[in-house]
Structure formats: C-alpha cells, structure tokens
Amino acid sequence: MAKRNTDASARADQLKEDLRYLSETVEELMNATSKDASGEMRDLRERAERRLKDTRARLEARGERIYEDTRESLAQQADCCDRYVHENPWTSIGIGAAAGLVVGMLLGRR
C-alpha cells in the first residue's frame, strides 16, 4: 500500500513538473511572438492562451477533487481506527506500549 502511494506521488510530482515546464514554454513563446502583428500569429497566440487557461482551470479542479477524496479517505480511516480502539482497548494499549518501548529504545541508543 505504501509503495503504491509513493509511486502515485512520484507520478503526480513528475506530471506537475512537466505541466509547469510546458506552461512556461508556452508563455515564453507567447511573449516572444507578441510583437508579431500578423493575423495568423495573433490567432495562434490567442488560442494558446485560451488552451493554457483552460488546462490550468481543469488541473485546479482536479487537484481540488483529489484533495477532497483524500481528505474523505483519511477521515474514514481515522474512524475505522477509532472504532477498532474502542472495540479492542487492551490490544490497543499493548500496541501503544510496544511502540513506545521501541521508540524509547531507539532514542536511548543516541
């Protein structure tokens, strides 16, 4: 499960970097051709600007959706953990004590 999350995070980071690079390149192209007054270049520039704005809007919407889905998933997992602790208090105390012991031993080695 953790490996899948790490892979997804790495892919998302790579996609963000690629899109940032693409948008910077398109903006540079638009700025470089801004002095060209020909109708065709003006149309191409306007189309590129529209597409860039549309793409940014879609990515922002998708990012918000992913954020909400992740938030909902984490809330469900926290509820599940809370329910487990309430149903199995002694097991939970044992797990907490074992984790505390391990952390204490690791810190004591320093």
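What counts as what
Throughout this document, residue positions are counted from 1 along each chain, in the order its sequence is written. Owing to the predicted nature of the model, reporting of local features is limited to residues with pLDDT of at least 70; listing and counting of side-chain atom pairs is limited to 80 or more, with chain, interface and lining totals taken over all residues. Only hydrogens and water are removed before side-chain values are computed, so all heavy atoms of the structure are retained for them. A run of H or I in DSSP becomes a helix once it reaches four residues, and a run of E becomes a strand once it reaches two; helices and strands are each numbered from the N terminus. With a 1.4 Å probe rolled over the protein chains alone, any residue whose accessible area is under 20% of its type maximum counts as buried; one over 50% counts as exposed, and the rest are partly exposed. In this description, accessible areas are obtained by the Shrake-Rupley approach with a 1.4 Å probe, and a residue is regarded as covered only by the protein chains that are shown. The disulfide definition used here is simple: a pair of cysteine sulfur atoms within 2.5 Å. Within the patch definition used here, like charges are joined within 9 Å and nonpolar side chains (Val, Leu, Ile, Met, Phe, Trp, Tyr) within 5 Å, considering only residues with over 30% relative accessible area and no salt bridge. By salt bridge we mean one thing: a side-chain nitrogen of Lys or Arg within 4 Å of a carboxyl oxygen of Asp or Glu. Charge convention: Lys and Arg are scored as positive, Asp and Glu as negative, and His as well as the terminal groups of each chain are ignored. Think of each charge as sitting on NZ of Lys, CZ of Arg, CG of Asp or CD of Glu.

Draft legend 1. Geometry of the overall build of the protein chain. Along the protein chain, the regular secondary structure elements total three helices and zero strands. Counting helices and strands in the order they occur from the N terminus, the protein chain gives α-α-α. A buried classification covers 5% of the 110 residues belonging to the protein chain. Carbon and sulfur atoms make up 57% of the accessible area of the protein chain, which totals about 9,800 Å².

Draft legend 2. How the structure looks around the state of the cysteines. In total, this model carries zero disulfides according to the counting rule given. Its sulfur unpaired, C80 is 7.4 Å from the next cysteine sulfur, which belongs to C81.

Draft legend 3. Up close: a negative patch on the surface. The grouping of E60, E64, E68, D69 and E72 at the surface amounts to a negative patch. Relative to the helices and strands, E64 is located in helix α2 (residues 39-87). Given a relative accessible area of 55%, E64 falls into the exposed group.

Draft legend 4. Broad picture of a nonpolar patch on the surface. On the surface, a nonpolar cluster with roughly 260 Å² of combined accessible area is contributed by Y84, V85 and I95. On the secondary structure map, Y84 appears in helix α2.

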